[in-house]
Amino acid sequence: MSELEIQQDPPPSPDRKAAPKELAYRLRQQRIAADFGYFALKTEDLDELLQEATRLAAEGLDTSFAKYLRHLGDGSGFLVAAGVGWGAGVVGHATVGDDMESPAGYAFHTEKAVISNHLSNEERFRTPALLIEHGIKRALNVIIRNEERRYGVLEVDTPGEGQFDEADVAFLESFASMLGVAIQRGEREARLREAIRHQEVLTLEASHRVKNSLSIVASLLSMQARATGNDEAARALQDAVQRVQTVASLHDRLWRSKAVRTVHLDKFLHELCEQVMAASSGVRVTCRVDSVTVFTEQAVNVGLLVNELTTNAIKYAFDEGATGTIEVTVAALGDGTLLLFVDDDGKGLPADFDPSTASSLGVRLITSISRQLGGDPKWERLSQGTRFALEFPLASRP
């Protein structure tokens, strides 16, 4: 049993008729405490939890007044942060003292429960003005704390006659214990959310810096391509510029969309296809993608693959000045698999095309990215043009 500060009254005379009523009263308290325990476990709203605690505490002690006094510190006393029974403007606004002359202050500083069964005759403490204004005659205060800190006081008040006793203290302390744990849990979750938010900001900033760094690399490669006197080397350098710019562009999209862990693939690829088409002359690039969310790492690989396929098609599937269409399709299958098609209506694959022996850097890059995605790339000859197909699993984690 907790230490108590209690006004002493003459011991009540035995009353056998009162025993069944007392038993029913204590059983009801146990049921209310159990209900509150369940509520405390499932709710994530601390204000709602505190309000429900005051309501049930008052109900369990047959009173109409209860309040949670949050300690403000720095000599500012307590704020009535939650409560039932009080007049308008009290909850959320009224304050009471936290010094040793106050019942709540004494309970907070000594960590002892305080029972005041006759406030009008109380000699240990002064009666707070808030209680006098509401005609309160009896009060019970217990501290809310955990192993880390003290938060405040849970107080039950009543204008009715009667006696609070040690069993009532045990009932109220069960609420206070659960509140102490719940408040601590809320603080830890708030710190965790803040840490996650900070990590997201750092990740976005890193993506932005990567994009800027890659843009600088692309500029240097472009300068080198213009300076070289070898046409083949210049073309290779320009291809490298385009690939670096693609990676930079992907990071730019991730940064601007505030994406950190996941990306809406449909929007992501639509924007990519629009950019590819804007850089082409006469070739239309369309995009049909099911609404699906993927992890950022997988989105980057899919973006690189689509970019490589579409730019290769623009370069090799159509003669200079020719018009045509490239269609990008991503379908989400019901088994957690994605199906990617890139079709063009160009002049088709060379008769001797074999991706397993191709020396082209583009084909090798497409094959490598496809394998990273967990699929086996396939090229098909159409009646007019070429189809690239890849079936790969939707990543379950990055």
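Computed from a prediction, not measured in an experiment: that's the story for all the values here.

### What about helix 3 (residues 103-110)?
Burial runs high along helix 3: six of the eight residues are buried. For helix 3, the set of buried residues is Pro103, Ala104, Gly105, Tyr106, Ala107 and Phe108. Positive phi shows up at Glu111, right after helix 3, with a value of about 60°.

### Concerning a nonpolar patch on the surface
On the surface, a nonpolar cluster with roughly 320 Å² of combined accessible area is contributed by Ile216, Leu220 and Met223. Summarising the element assignment, Ile216 is placed in helix 5 (residues 166-227).

### A few points about the nonpolar core
Counting residues in hydrophobic clusters, the biggest one holds 39 residues, and the most contacted among them are Leu265, Leu269, Leu305, Val306, Leu340 and Phe388. Every element with two or more residues in this core is listed here: helix 7 (265-279), strand 9 (283-289), helix 8 (296-316), strand 11 (324-332), strand 12 (337-344), helix 9 (361-372) and strand 14 (386-393). The greatest single-element share of this core, amounting to eight residues, is contributed by helix 8. When neighbours within four sequence positions are excluded, Leu265 is seen to be in contact with Val289, Val292, Val294, Val302, Val330 and Leu338. Grouped together as the second largest cluster of nonpolar side chains are 34 residues, Leu50, Tyr68, Ala113 and Val156 included.

### Side note on the packing of helix 2 (residues 46-60) against helix 5
How two helices sit against one another is set out by the angle between their axes and by the gap between those axes. Contact geometry for helix 2 and helix 5: axes closest at 10 Å, N-to-C directions at 175°. Considering the angle they form, helix 2 stands roughly antiparallel to helix 5. Contact residues: helix 2 offers Leu46, Leu49, Leu50, Ala53, Leu56, Ala57 and Gly60, while helix 5 offers Phe171, Leu172, Phe175, Leu179, Ala182 and Ile183.

### A word on the confidence of the model for the chain
Averaged over every residue, the pLDDT of the chain is 86; the share at 70 or more is 93%. Here strand 1 (residues 4-6) stands out as the least confident element of the chain, with mean pLDDT 61; strand 12 is the most confident, with 96.

### Concerning the sheet that holds strand 11
Taking strand neighbours across the sheet as the criterion, the five strands line up as 9-11-12-14-13 in an open arrangement whose pairing is mixed. Edge strands, defined here as strands with exactly one partner in the open sheet, are strand 9 and strand 13 (378-381). In this sheet, neighbouring strand axes are inclined to one another by 15° on average, regardless of whether the strands run parallel or antiparallel. With eight bridges connecting them, strand 12 and strand 14 associate as antiparallel partners. In the strand pairing of strand 14, Thr337 is matched with Pro393. Most of the contacts of helix 8 go to strand 14, to which it runs at about 170°, and overall it touches strand 9, strand 11, strand 12 and strand 14.

### Some remarks on the packing of aromatic side chains
Counted under the stated rule, the structure contains seven aromatic pairs. Note on Phe36 and Phe175: the rings are 4.6 Å apart at their centroids and 15° apart in plane angle, and the pair reads as stacked. With Phe36 in helix 1 (residues 18-42) and Phe175 in helix 5, this pair connects stretches of sequence that are 139 residues apart. Here the two residues Phe36 and Phe175 agree in accessibility, since each one is buried. Between Phe78 and Phe108 the ring centres are 5.6 Å apart and the planes differ by 85°, which places this aromatic pair in the edge-to-face class. A residue pair is termed long-range when its members are at least 10 positions apart, and Phe78 in strand 3 (residues 78-84) and Phe108 in helix 3 qualify at 30 residues. Residue classification places Phe108 among the buried residues on the basis of a relative accessible area of 3%.

### Observations concerning the pattern of salt bridges
Oppositely charged side chains may form a pair once their charged atoms are brought near each other. Applying the stated criterion across every chain yields a total of 21 salt bridges. Among the salt bridges present, the one from Asp35 reaches Arg31, with a minimum N-O distance of 3.5 Å. Pair noted here: Asp35 and Arg31 are both in helix 1, with a separation of four residues, about one helical turn. Between Asp99 and Arg126 there is a salt bridge, and its shortest N-O distance comes to 2.7 Å. Here Asp99, found in the loop between strand 4 (95-96) and helix 3, pairs with Arg126, found in the loop between strand 5 (113-116) and helix 4 (129-133); they are 27 residues apart in sequence, far enough to count as distant. Taken together, the shared-partner salt bridges in this structure form one network comprising Glu22, Arg26, Asp165 and Asp168.

What counts, and at which threshold
- Residues numbered from 1 in each chain as written.
- Predicted model: local features only at pLDDT ≥ 70, side-chain atom pairs only at ≥ 80, totals over all residues.
- Heavy atoms only, no water.
- Buried < 20%, exposed > 50% of the residue type's maximum accessible area, 1.4 Å probe, protein only.
- Helix = DSSP H or I, 4+ residues; strand = E, 2+ residues; numbered from the N terminus.
- Patch = residues over 30% accessible without salt bridge, like charges linked within 9 Å, V, L, I, M, F, W, Y side chains within 5 Å.
- Areas by Shrake-Rupley, 256 points an atom, 1.4 Å probe, with all protein chains shown as cover.
- Salt bridge = Lys/Arg side-chain N within 4 Å of Asp/Glu carboxyl O.
- Core = buried A, V, L, I, M, F, W, Y, C linked by side-chain atoms within 4.5 Å.
- Contact = heavy atoms within 4.5 Å.
- Axes fitted to C-alpha atoms, helices over the stretch in contact; angles between N-to-C directions.
- Parallel < 35°, antiparallel > 145°, perpendicular 65-115°, else oblique.
- pLDDT = per-residue confidence, 0-100.
- Pairing = 2+ DSSP bridges.
- Phe/Tyr/Trp six-rings, centres within 6.5 Å; stacked < 30°, edge-to-face > 60°.

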